[in-house]
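Notes for the structure review
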Amino acid sequence: MAEQNFVDYVKICCRSGAGGPGSIHFLRDRKNPKGGPDGGDGGRGGHIILRGNRNIWTLLALKYRKHVVAEPGVPGKDNNKTGAFGEDVILEVPLGTVAKDAETGEVHFEITKDGETHILVSGGRGGLGNSHFKSPTNQTPRYAQPGEPGKEEWKILELKVLADVGLVGFPNAGKSTLLSVVTAAKPKIASYPFTTLVPNLGIVPYRDMRSFVMADIPGIIENAHEGKGLGHRFLRHIERNATLLFMIPCDTENIKKEYDILLNELRMYNEELLDKPRVLAITKSDLIDEELREMLRQEIPADVPYLFISAVAQQGLDELKDMLWETFHVGEENVAEEQPRKGLAFEEEE
Ligand SMILES: Nc1nc2c(ncn2[C@@H]2O[C@H](COP(=O)(O)OP(=O)(O)OP(=O)(O)O)[C@@H](O)[C@H]2O)c(=O)[nH]1
Ligand SMILES: [Mg+2]
């Protein structure tokens with residue numbers, strides 16, 4: 001169920017508001033039968049703005065909202081009154097949303113903080129009223145600027161999941177099972193490969209009311225970078241994870257070999273993934289006894305901290321959480337948890 005609700009890509013048509021036209025007006029009253037021009041400026045058209053919201057996890061809300069239209073600015077008025085701005089449309093998006101132009105693919109910006117805002121499509125400027133055009137040679141300008149038109153543009157919003165731990169493993173390694181045991185998430189679990197088709201996220205409660213986010217992604221196989229299996233495009237979801245948790249079942253023929261294949265697939269996707277801290281979990285350890293564990297220890301790669309776990313028998317899970325927490329919170333104790341709410345990242349006109 002949760003799987004269908006995870007939307008990490010939307011294409012939307014945005015139309016910002018047109019600027020209001022400037023006004024053509026002359027002051028006329030009993031005292032000033034021939035007063036000067038006093039037409040005010042038109043108001044700016046509404047922007048389309050994205051705002052980061054840490055409580056939203058997917059782009060689902062935008063999936064069915066193909067057209068996003070902001071209001072036009074109000075025309076200028078007499079007495080040099082500026083028209084009201086068109087109302088902006090503010091779209092709340094999850095942290096990790098990347099905004100791109102659909103035609104050129106150009107990346108506009110990325111939302112990473114709660115409350116962070118960026119203008120996706122700006123509204124048209126309001127036109128100047130006729131009072132601006134008075135000159136020594138023309139005291140009664142009978143024209144004003146029209147408002148700038150709004151812009152209609154297609155945009156792509158893409159979500160890179162921001163989690164603390166990303167699960168990396170072959171299909172059937174037990175990734176979703178682990179997520180279902182240490183978080184409240186209810187991913188689909190089954191004994192066939194590629195059960196997970198889209199990422200699942202869960203929040204892992206940790207000691208002292210702390211927590212971290214875990215991202216379960218579809219399984220990776222050898223040559224995923226050539227499109228084998230589900231390919232490796234899901235790796236983009238773990239690009240931003242602080243720590244990668246490699247998961248290899250204890251009954252795997254050659255743990256070292258599987259570990260190297262996974263490392264290589266990460267490398268083929270983005271070499272920087274290899275700079276992240278890694279932890280290796282040997283999963284389904286309820287299937288083996290101490291003697292077998294001892295044998296397996298010989299073939300475990302030396303360059304990574306590891307431990308034996310069993311999600312089903314709930315073994316080694318507290319130790320695993322400790323190990324993970326250590327990797328991304330070393331030296332960070334006492335750092336304020338809350339991100340300060342950032343003010344608007346754009347300048348209002350005037
Ligand atoms: N004995 C045992 N079986 C487990 C354990 N964890 C998972 N399994 C079984 O392994 C199979 C695969 O589990 P999943 O959690 O769906 O594996 P996955 O890594 O998410 O697989 P994909 O989504 O296909 O990539 C299921 O039949 C699980 O019941 C465990 O700790 N012990
Ligand atoms: Mg799965």
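In case you missed it, the structure is sitting above this.
Along each chain, the written sequence defines residue order, and numbers are assigned to residues from 1. Think of it this way: whatever chain is written first is A, whatever ligand is written first is 1, and the rest follow in order. With pLDDT at 70 or above as the cut-off, local features in this predicted model cover only qualifying residues; side-chain atom pairs require 80 or more to be listed or tallied, and sums for whole chains, interfaces and linings still use all residues. Hydrogens and water molecules were not included; the side-chain quantities draw on all heavy atoms of the structure.

**Quick word on the environment of His132**
Secondary structure is summarised from DSSP: a helix means a run of H or I of at least four residues, a strand means a run of E of at least two, and numbering begins at the N terminus for each. Mapped onto the elements of the fold, His132 is located in the loop between strand 7 (117–121) and strand 8 (152–159). Linking His132 and Asp41, residues 91 residues apart in sequence, is a C-alpha distance of 8.9 Å. Polar contacts, as counted here, are pairs of nitrogen or oxygen atoms within 3.5 Å of one another; within protein the pair requires one atom able to donate a hydrogen and one able to accept it, and residues that are adjacent in sequence qualify only if both atoms are side-chain atoms. Of the polar contacts made by the side chain of His132, one reaches the side chain of Asp41; its length is 2.8 Å.

**Focus on the site of ligand 1**
We call a residue near a given molecule or strand whenever any one of its heavy atoms falls within 4 Å of it. What surrounds ligand 1 is a group of 23 residues, the closest being Lys175, Thr177, Phe194, Thr196 and Asp286. At 3.4 Å from an oxygen atom of ligand 1 is found a side-chain nitrogen or oxygen belonging to Ser310. The method works on a 1 Å grid over the protein atoms by themselves. A cavity is a set of points holding a 1.4 Å probe that cannot get out, a pocket is an open set with protein on both sides within 12 Å along at least five of seven lines, and residues with an atom within 4 Å of a point line them. Here the criterion for a molecule occupying a pocket or cavity is that more than half of its atoms lie within 2 Å of the pocket grid points. When atoms are counted within 2 Å of each cavity's grid points, the one that captures over half of ligand 1 is the second largest pocket. Just so you know the grouping, Ala, Val, Leu, Ile, Met, Phe, Trp, Tyr, Cys and Pro go in nonpolar, Asp, Glu, Lys and Arg go in charged, and all remaining residues, Gly too, go in polar. Considered class by class, the residues forming the shell around ligand 1 number 11 nonpolar, 9 polar and 3 charged.

**Comments concerning the packing of aromatic side chains**
Pairing of aromatic side chains here covers Phe, Tyr and the six-membered ring of Trp, requires ring centres within 6.5 Å, and sorts the geometry by plane angle: under 30 degrees stacked, over 60 edge-to-face, intermediate tilted. Going through the model one piece at a time under the given rule, you end up with 6 aromatic pairs. Pairing Phe133 with Tyr143 gives two aromatic rings, centres 5.4 Å apart and planes at 50 degrees, and the pair type is tilted. Taken together, the positions of Phe133 in the loop between strand 7 and strand 8 and Tyr143 in the loop between strand 7 and strand 8 put the pair 10 residues apart, joining distant regions of the chain. Put simply, the rings of Tyr206, Phe212 and Trp325 pair up and form one aromatic cluster. Only lysine NZ and arginine CZ atoms are considered, and such an atom sits over a ring when it is within 6 Å of the ring centre and within 35 degrees of the ring normal. In this structure, Lys11 is placed above the aromatic ring of Trp154, and the distance from its NZ or CZ to the ring centre is 5.6 Å.

**Observations regarding the pattern of salt bridges**
The salt bridge criterion pairs a side-chain nitrogen of Lys or Arg with a carboxyl oxygen of Asp or Glu, the two atoms within 4 Å. For the coordinates displayed, the defined rule picks out 13 salt bridges. When the shortest N-O distance is used, the salt bridge between Lys256 and Asp260 registers 2.8 Å. In this pair, Lys256 and Asp260 are both assigned in helix 4 (residues 255–269), 4 residues apart and thus about one turn of the helix distant. Note that Glu290 is salt-bridged to Arg297, the shortest N-O span being 3.2 Å. The buried label applies to any residue whose accessible area, calculated with a 1.4 Å probe on protein chains only, is under 20% of its type's maximum; exposed applies above 50%, and partly exposed to all values in between. Glu290 gets classed as partly exposed once you look at its relative accessible area, which sits at 46%. Residue classification places Arg297 among the partly exposed residues on the basis of a relative accessible area of 28%. Among the charged side chains, a salt-bridge network with shared partners connects Asp101, Glu153 and Lys155.

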